[in-house]
Amino acid sequence: MFIDTHCHLDDEKIKDRLDQVVQDFTNANVSRVINIGCNLPSSILVKDQAEKYDSVYFAAGFHPMDIKEYCKEGEDGIISLLSHKKCVAVGEIGLDYYWEKDNKERQIECFISQIEIAKTMKLPINVHIRDAIGDAVKILKDNKDKLTYGGVMHCYSGSIEVANELLKLGFYFSFGGTLTFKNARNIPEVASKLPIDRIFTETDCPYLSPEPLRGTVNEPKNIPIIAKKLAEVRGENVEDLANQIMKNAKTLFTKMK
């Protein structure tokens, strides 16, 4: 059985046909998905979706591109969701200097605040980093005492050197459709070198469809394509790898059954 550790079933391209999407990924032997919130309304919606489908879990948090909405009321709303029996992580949180360059201090402030919340709520963090790896690693190292429950680097595209530093902090690394891209550069190499007990598969649906489906709406049903590529670059059997990834997920996301 496969798992998608990062998807956005609340997206406009997905949410109105969710019954079919769930049926399709179930038919593809994807038995668990983690539905990721990006702000308070999004986190409430992914919670509602998780309540409807046994195979769907969720994470709640403020994405760095949504921190304009981060306030005491929003923070309290997220905290109230984190105690839900199917909420497995705080996220998607982090830094994004690609789209947002003029609010770096505010991004850092919100990132650290949510790291602290994760420790209080005894949950791992789901981390988004784009064009900000230096600041992100420094923040995580400076706050390593707050990373008691670990975390995952979503859609990891950094170097093996940075990955080794993050491994020491208890992080896992998730790989999606970009692993299959012909211009993937270092991603397959890094994926091949990480410990087998620290890796995940994800779609980031509806984005980043794997080859040969680029340009289409990505869905959790495409996880087997990504898992096959991951097994190929690692020289492993795809079924054995899928079983290990599920074990990894249940180790980090302790509420998952």
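Numbering of residues starts from 1 in every chain and runs along the sequence as written. Selection of residues for local features in this predicted model requires a pLDDT of at least 70, selection of side-chain atom pairs for listing and counting requires 80 or more, and totals for whole chains, interfaces and linings are taken over all residues. Water and hydrogen atoms play no part in the side-chain values, which are based on all heavy atoms of the structure.

1. Structural notes on the overall build of the protein chain
From N to C terminus, the protein chain includes 9 helices and 8 strands. For this measure, only C-alpha atoms enter the radius of gyration; the expected value for a globule follows 2.2 Å times N^0.38, where N is the number of residues. Taking 257 residues into account, the globule formula puts the C-alpha radius of gyration at 18 Å, and the protein chain, at 17 Å, falls close to it. Taking the principal axes of the C-alpha coordinates as reference, the protein chain spans close to 45 × 40 × 30 Å. A simple rule labels every residue: compare its accessible area, found with a 1.4 Å probe on the protein chains alone, to the largest value its type can have, and call it buried under 20%, exposed over 50%, or partly exposed in between. Taking all 257 residues of the protein chain together, 57% fall into the buried category. By the convention used here, residues are in contact when the closest approach between their heavy atoms is within 4.5 Å. Taking as baseline every contact in the protein chain between residues at least 6 positions apart, the subset at least 24 positions apart corresponds to 74%. If you sum the accessible surface of the protein chain, you get close to 11,400 Å²; carbon and sulfur atoms cover 50% of it. In this tally, Asp and Glu contribute negative charge and Lys and Arg positive charge; neither His nor the terminal groups of the chain are included. To locate a charge, take NZ of a lysine, CZ of an arginine, CG of an aspartate or CD of a glutamate. Charge centroids of the protein chain, computed over 34 positive and 38 negative side chains, lie 4 Å from each other. The numbering of helices and of strands both runs from the N terminus, where a helix is a DSSP run of H or I of at least 4 residues and a strand a run of E of at least 2. For every accessible area listed, the method is Shrake-Rupley and the probe measures 1.4 Å; residues are considered covered only by the protein chains on display.

2. Observations concerning unusual backbone geometry
For the bond running from Gly 91 to Glu 92, omega is 20°, close enough to zero to count as cis. Relative to the helices and strands, Glu 92 is located in strand β4 (residues 87-96). At the junction of Cys 205 and Pro 206, the peptide bond is cis and its omega measures out at 15° in the coordinates. Tracing the chain through its elements places Pro 206 in the loop between β8 (199-201) and α8 (223-234). The residue Leu 208 is not glycine, and still its phi comes out positive at about 60°. Along the chain, Leu 208 falls in the loop between β8 and α8. On the basis of relative accessibility, which here comes to 31%, the residue Leu 208 falls in the partly exposed class.

3. Concerning the sheet that holds strand β7 (residues 171-175)
The strand order across the open sheet formed by 8 strands is β1-β2-β3-β4-β5-β6-β7-β8, and the pairing between neighbours is parallel. Two strands in the sheet have a free side with no partner beyond their single neighbour: β1 (2-7) and β8. Strand-to-strand twist in this sheet, taken as the mean axis angle between neighbours without regard to direction, amounts to 30°. Should DSSP find at least two bridges between two strands, the strands are regarded as paired. The pairing of strand β6 (residues 151-153) with β7 spans 3 bridges and is classified as parallel. In the sheet register, Met 153 faces β7, and the bridge partner there is Phe 173. Fitted lines through C-alpha atoms give the axes, limited to the stretch in contact for helices. The angle between two N-to-C directions lies from 0 to 180 degrees.

4. What to know about the packing of aromatic side chains
What counts as a ring pair is set by centres within 6.5 Å for rings of Phe, Tyr and Trp (its six-membered ring), and what kind of pair is set by the plane angle: stacked under 30 degrees, edge-to-face over 60, tilted for all other angles. Per the counting criterion, the structure on display carries 5 aromatic pairs. On the numbers, 5.6 Å between centres and 25° between planes, the contact of Phe 200 with Phe 253 is stacked. On the criterion of sequence distance, the pair formed by Phe 200 in strand β8 and Phe 253 in the segment after α9 (238-252) is long-range, its members being 53 residues apart. The pair formed by Phe 200 and Phe 253 is uniform in burial state, with each residue classed as buried.

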